[in-house]
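Each chain, letter by letter, is given below.
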Amino acid sequence: MCYLFLFTGFACSDSSDDMVTATIEGYDLRLCACCGGLIVKPSDANGDTYQWYQKNQKFDVNENDVFPLKVKINYHHLAETCVASDGEIEITALEKVK
C-alpha cells in the first residue's frame, strides 16, 4: 500500500502522529488454554480488549511497569488465534506515555 505513495513523493512512516493511544491493562493471569500475554485496549477499538504476546523485550514492557500503562501504538490484528479476549494483536511500534 505504501508503494503507491512513493511515486507521488510521499513515504510511509511510523511517526507518533500515526500512532493510536492505548492502555495496557496488565498481564492476563487467568488460567485457561487461550489466556496469557498482556491485555491491551486501543482507543480506536470501541472498548474491545486484545491480547498481545510481547515476543521479545524490544518495547521494554515488563513486570516493573505500573499498570494500567498509557502508551501509543501501531498495531494490526492477527487472524485465527486462540485467545480469551476480543482477539490478538501484534504491536509494531510502541511509545510509553509519561
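Thresholds, definitions, all that
Residue positions are counted from 1 within each chain, in the order its sequence is given. Local features are withheld for residues below a pLDDT of 70 in this predicted model, meaning they are given only at 70 or higher, and side-chain atom pairs are given and counted only at 80 or more; totals for whole chains, interfaces and linings count all residues. Side-chain measures were taken over the full set of non-hydrogen atoms in the model, leaving aside hydrogen atoms and water. Numbering of helices and strands runs from the N terminus; a helix is a DSSP stretch of H or I covering at least four residues, while a strand is a stretch of E covering at least two. In protein, a polar contact means a hydrogen-donor-capable atom and an acceptor-capable atom, both N or O and within 3.5 Å, with residues adjacent in sequence counting only if both atoms are side-chain atoms; elsewhere, any N or O pair within 3.5 Å suffices. Here, residues are in contact when the closest pair of their heavy atoms is within 4.5 Å. Here pLDDT means the predictor's own confidence in every residue, given as a number from 0 to 100. For each residue, the accessible area found with a 1.4 Å probe, counting protein chains only, is set against the maximum for its type, and the residue is called buried under 20%, exposed over 50%, and partly exposed in between. At least two DSSP bridges between two strands are needed for those strands to be called paired. Salt bridges are defined by distance alone: a side-chain nitrogen of Lys or Arg within 4 Å of a carboxyl oxygen of Asp or Glu.

1. Observations regarding the side chain of D65
By secondary structure assignment, the location of D65 is in the loop between β3 (50-52) and β4 (69-78). Only 2.9 Å separates the side chain of D65 from the backbone nitrogen of N62, close enough to count as a polar contact. Among the polar contacts made by the side chain of D65, one reaches the side chain of K96 at a distance of 3.0 Å. Ignoring sequence-local partners within four residues, the contact set of D65 consists of D60 and K96.

2. A few points about the confidence of the model for the chain
Looking at the chain, the pLDDT average stands at 86 and 84% of residues meet or exceed 70. The least confident element of the chain, judged by mean pLDDT, is helix α1 (residues 2-6) at 40; the most confident is strand β2 (residues 38-42) at 98. The low-confidence segment residues 1-13 (pLDDT under 50) makes 4 contacts with residues lying over four places distant or belonging to another chain.

3. What about unusual backbone geometry?
Where the residue is not glycine, phi is negative for most of them; where a peptide bond is considered, it is trans in most cases. Along the chain, F67 connects to P68 via a cis peptide bond; the corresponding omega equals 5 degrees. One can find P68 in the loop between β3 and β4. For D60, which is not a glycine, the phi torsion comes out positive at approximately 55 degrees. Classification of D60 as partly exposed rests on a relative accessible area of 42%.

4. A short note on the pairing of β4
Relative to β4, strand β1 (residues 20-27) is paired through 5 bridges, and the arrangement is antiparallel. Paired with T23 across the two strands is K70, which belongs to β4. Where β4 lies against strand β5 (residues 88-96), 8 bridges are found, and the strand directions are antiparallel. Across the sheet, residue N74 finds its bridge partner in β5, namely A93.

5. What to know about the pattern of salt bridges
Here the structure, examined in full by the defined rule, presents 3 salt bridges. A salt bridge links D65 to K96; the nearest nitrogen and oxygen atoms lie 3.0 Å apart. One end of the pair, D65, is in the loop between β3 and β4; the other, K96, is in strand β5, and 31 residues separate them in sequence.

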